[in-house]
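Okay, here's what each chain looks like letter by letter:
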Amino acid sequence: MEKLQYISQGNTLQEQEFHIRKALDNGINWVQVRWKNAPENELISLCEISKQLCSEYQSVCIINDHVQIAQKIDADGVHLGLNDSAVEEARQILGENKIIGGTANTLSDIIRRINESCDYIGLGPLRFTTTKEKLRPVLGFEGYQKIIDGLREKSLDIPKIFAIGSVTLEDILTLQEIGIYGVAVSGIITKQPTIINELKKVMI
């Protein structure tokens, strides 16, 4: 599984598509299409465009929240928030071969996601981020360490956890030392898509 995810950004269909194209042009191999409060027809159009682009670039295309759209466009999978569809239900709709990721903020969330057999977990936020409404408590490096320590104390295997929430290039080594598998980023790639290669180099 890729260690670097790009979560799409933009307030319009054109902005979203532009940023996704830029990320793909600069070597991203995993796109999560995320566009909150979008008109449904435009969101479906964006997902269809993104799936087509990701196929051309041989990149993974994940849809945020919308299981039915993911099924309709034959996306590679879906990412579910804590209050979205159940993982089990998404698995029944999408089938065994699709990727299902889930959000987490606490140790108990992580254990719930492990029990739900999520393929990966987006854990955060690392620090304050403007890309998410209703932000959950900020974890910081200490919070990540406590959660990883908690899993070890319970003798649980560490799942594929992606740090999320204003993650920077400089954070990656510290996160990897803690035991975090990868990062899911939005702002830094949207603003500077050429940073993708630097991010990839650090994440080998």
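My aim in this report is to walk through the structure given alongside it, one point at a time. If you're wondering where the values come from, they're calculated on a predicted model, not measured in any experiment. (Residues numbered from 1 in each chain as written. Predicted model: local features only at pLDDT ≥ 70, side-chain atom pairs only at ≥ 80, totals over all residues. Heavy atoms only, no water.)

1. Overview of the overall build of the chain
Secondary structure summary: the chain contains 9 helices and 8 strands in total. By the compact-globule yardstick of 17 Å for 204 residues, the chain fits well, its C-alpha radius of gyration being 16 Å. Projected onto its principal axes, the C-alpha positions of the chain cover 45 × 40 × 30 Å. When burial is assessed residue by residue, the chain has 51% of its 204 residues classed as buried. (Helix = DSSP H or I, 4+ residues; strand = E, 2+ residues; numbered from the N terminus. Rg over C-alpha atoms; globule rule 2.2 N^0.38 Å. Buried < 20%, exposed > 50% of the residue type's maximum accessible area, 1.4 Å probe, protein only.)

2. Describing the packing of helix α1 (residues 13–25) against helix α2 (residues 40–56)
Look at α1 against α2: their axes get within 10 Å of each other, and the N-to-C directions meet at 15°. Considering their axes alone, α1 and α2 lie roughly parallel with respect to each other. The handedness of the crossing between α1 and α2 is right-handed. Between α1 and α2, the contacting residues are Leu-13, Gln-16, Glu-17, Ile-20, Arg-21 and Leu-24 on the first element and Glu-42, Ser-45, Leu-46, Ile-49, Ser-50, Leu-53 and Cys-54 on the second. A class-by-class count of the residues in the contact of α1 with α2 yields 7 nonpolar, 3 polar and 3 charged. (Axes fitted to C-alpha atoms, helices over the stretch in contact; angles between N-to-C directions. Parallel < 35°, antiparallel > 145°, perpendicular 65-115°, else oblique. Left-handed = near helix turned anticlockwise from the far one by under 90°. Contact = heavy atoms within 4.5 Å. Nonpolar A, V, L, I, M, F, W, Y, C, P; charged D, E, K, R; others polar.)

3. Overview of the pairing of strand β4 (residues 77–80)
Here β4 shows two buried faces, one formed by Gly-77 and His-79 and the other by Val-78 and Leu-80. Two strands pair when backbone bridges link them, and strand β3 (residues 60–64) and β4 are joined in this way by 3 bridges, in the parallel orientation. Bridge assignment links Asn-64 to a residue of β4, and that residue is His-79. You can see the chain leave β3, run along helix α3 (residues 67–72) and come back into β4, and the turn it takes is right-handed. With respect to chirality, the unit in which β4 leads through helix α4 (residues 87–94) into the neighbouring parallel strand β5 (residues 99–104) is right-handed. (Pairing = 2+ DSSP bridges. Right-handed = clockwise from strand over helix to strand, strands pointing away.)

4. Remarks on the side chain of Lys-51
By secondary structure assignment, the location of Lys-51 is in helix α2. Asp-76 provides the closest opposite charge to the buried, unpaired Lys-51, separated from it by 4.7 Å. Apart from residues no more than four positions distant in its own chain, Lys-51 is found in contact with Cys-61, Ile-73, Asp-74 and Ala-75. (Lys, Arg positive; Asp, Glu negative; His and termini not counted. Salt bridge = Lys/Arg side-chain N within 4 Å of Asp/Glu carboxyl O.)

5. Observations regarding the packing of aromatic side chains
This model, assessed by the stated rule, comprises 4 aromatic pairs. Seen in terms of ring centroids, Trp-30 and Phe-162 are 6.4 Å apart; in terms of plane orientation they differ by 35°. Their pairing is tilted. One end of the pair, Trp-30, is in strand β2 (residues 30–33); the other, Phe-162, is in strand β7 (residues 161–164), and 132 residues separate them in sequence. Side by side, Trp-30 and Phe-162 carry an identical accessibility label, which is buried. Between Phe-162 and Tyr-181 the ring centres are 5.5 Å apart and the planes differ by 70°, which places this aromatic pair in the edge-to-face class. Of the two residues, Phe-162 sits in strand β7 while Tyr-181 sits in the loop between α7 (172–178) and β8 (182–185), which places them 19 residues apart along the sequence. The exposure class of Phe-162 is buried, given its relative accessible area of 0%. Of the aromatic side chains, those joined through ring pairs into one cluster are Trp-30, Tyr-120, Phe-162 and Tyr-181. Residue placement shows Lys-160 over the ring face of Tyr-181; its charged tip is 5.5 Å from the ring centre. (Phe/Tyr/Trp six-rings, centres within 6.5 Å; stacked < 30°, edge-to-face > 60°. Lys NZ or Arg CZ within 6 Å of the ring centre and 35° of its normal.)

6. A short note on the nonpolar core
Grouped together as the largest cluster of nonpolar side chains are 56 residues, with contacts concentrated most on Ile-28, Tyr-144, Val-183 and Ile-189. At 6 residues, the largest contribution of residues to this core is made by α2. Among the nonpolar cores identified, the runner-up in size contains 7 residues, and Ile-62, Tyr-120, Phe-162 and Tyr-181 belong to it. (Core = buried A, V, L, I, M, F, W, Y, C linked by side-chain atoms within 4.5 Å.)

7. Examining the pairing of β8
Working note: regular strand, side chains alternate between the two faces of the sheet. Neither face of β8 is left uncovered, since the one carrying Gly-182 and Ala-184 and the one carrying Val-183 and Val-185 both have all their residues buried. The pairing of β7 with β8 spans 3 bridges and is parallel. Bridge assignment links Ile-164 to a residue of β8, and that residue is Ala-184.

8. Comments concerning the sheet that holds β3
Taken together, the 8 strands give a closed barrel; going around it, the order is β1-β2-β3-β4-β5-β6-β7-β8, and neighbouring strands pair in parallel fashion. Between one strand axis and the next, the sheet turns through 25° on average, direction left out of account. Relative to the sheet, α4 contacts β4 and β5, its axis offset from that of β4 by approximately 165°.

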